[in-house]
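Now for the letters of each chain:
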Amino acid sequence: KNDQQLCVGVRDLLAKEDITATTAALSDIAETCLRQVVLREQAKLVQKYGRPTTPDGRLAEVAILAMGKFGGQEMNYHSDLDLVFLHEADGHTQHEPLARRAETTTNQHFASELGQRIIKATGRLSAYGRLYEVDARLRPTGKSGPLAVSLEEFARYFAEGDGRLWERQALCRARVVFGSPEMASTAMATVGRAAFDHPWRREHAEEVRRMRHRMEETASEGNVKLGPGGIVDIEFLVQMLQLKHGRHNPEVRTPNTLAALAALNQA
């Protein structure tokens, strides 16, 4: 990570890349590092508990959503990783037929422990610094809920009205950074319904404005991200327009802010 970020930083200082290429490169570095951590920790859990399976015997996958700047591929040099951990379906783990281990667990516990291990591994301080801080508070029900949820529970949370506007707004920047193509497609279809299958109402714009002002009130003086006229103003405006138009125009459902803005301009 340090070597690759140094390369990106030198090209940035020499104006060899524009801001889009720089933030995308930093996001690619984070995604590559995260994937290696996930594969390592997942292998340890499979050895301990076996593989998650559905009640009908199929393998049940895990997917990880990137949110925020990581999801939008707009990371800076000190961004943390906003992650949501999903598992395909309820069920229990199973060992291979000839395995000597007998300990199993639920799919939900497997996915939650995987999330805990990822957070611990990426946040561990070493002689080379810390890999990344992980923030998992954007999951359904926030820090009070389970670390990992099933796709069915995720869909139910938003379909039955538990999901608040700010949570649906956050989903505008979601993308899958770990999971098979099939699982990624299913997860993103679920995310799309959760974010955009809600009628837009005029009072939503006022609610977004109030959320933005609360962030502004807590910002330090000169904060270019949260202060008046900061980056968040652009992000909130784009996400509000995505929620307004995304239900009927899939083209604007892109997690990258500049790409979404371009799509909105063409709509």
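Structural data are supplied above this passage.
In this report, the structure presented in the accompanying data block is examined. Computed from a predicted model, the values in this text were never measured in an experiment.

**Let's talk about the side chain of R139**
Locating R139 in the fold gives a position in the loop between β7 (134-135) and β8 (148-150). Among the polar contacts listed, one links the side chain of R139 to the backbone oxygen of P146, at a separation of 2.9 Å. Other than its neighbours up to four places away in sequence, R139 contacts V84, S144, G145, P146, L147 and E167.

**Things to note about the packing of helix α2 (residues 19-49) against helix α4 (residues 107-123)**
α4 packs onto α2 with a crossing angle of 135 degrees between their chain directions and a minimal axis gap of 9 Å. One finds that α2 runs oblique with respect to α4. Where α2 crosses over α4, the handedness of that crossing is right-handed. Residues L34, V37, V38, R40, E41, Q42, K44, L45, V46, K48 and Y49 of α2 lie in contact with α4, whose contacting residues are H109, F110, E113, L114, R117, I118, A121 and T122. Counted by class, the contact of α2 with α4 contains ten nonpolar, three polar and six charged residues.

**Here we look at α4**
Over its 17 residues, α4 extends 24 Å from the first C-alpha to the last, a length consistent with the 24 Å expected when each residue adds 1.5 Å. Listed in full, the buried residues belonging to α4 are N107, F110, A111, S112, E113, L114, G115, I118, A121 and T122.

**Here's the deal with the nonpolar core**
In terms of nonpolar packing, the biggest core is built from 31 residues, with I64, F70, L81, L83, F85 and I118 touching the most fellow members. Those elements that place two or more of their residues in this core are α2, β2 (62-67), β3 (81-87), α4 and β9 (175-178). Tallying contributions element by element places α2 first for this core, with ten residues. The contact partners of I64, leaving out residues within four places of it in the chain, are V38, L83, V84, F85, I118, R175, V176, V177 and F178. Residues Y157, C172, V208 and L243 belong to the second largest nonpolar core, which totals 29 residues.

Reading guide: rules and limits
- Residues numbered from 1 in each chain as written.
- Predicted model: local features only at pLDDT ≥ 70, side-chain atom pairs only at ≥ 80, totals over all residues.
- Heavy atoms only, no water.
- Helix = DSSP H or I, 4+ residues; strand = E, 2+ residues; numbered from the N terminus.
- Polar contact = N/O pair within 3.5 Å; in protein donor to acceptor, adjacent residues only side chain to side chain.
- Contact = heavy atoms within 4.5 Å.
- Axes fitted to C-alpha atoms, helices over the stretch in contact; angles between N-to-C directions.
- Parallel < 35°, antiparallel > 145°, perpendicular 65-115°, else oblique.
- Left-handed = near helix turned anticlockwise from the far one by under 90°.
- Nonpolar A, V, L, I, M, F, W, Y, C, P; charged D, E, K, R; others polar.
- Expected span 1.5 Å × (residues − 1).
- Buried < 20%, exposed > 50% of the residue type's maximum accessible area, 1.4 Å probe, protein only.
- Core = buried A, V, L, I, M, F, W, Y, C linked by side-chain atoms within 4.5 Å.

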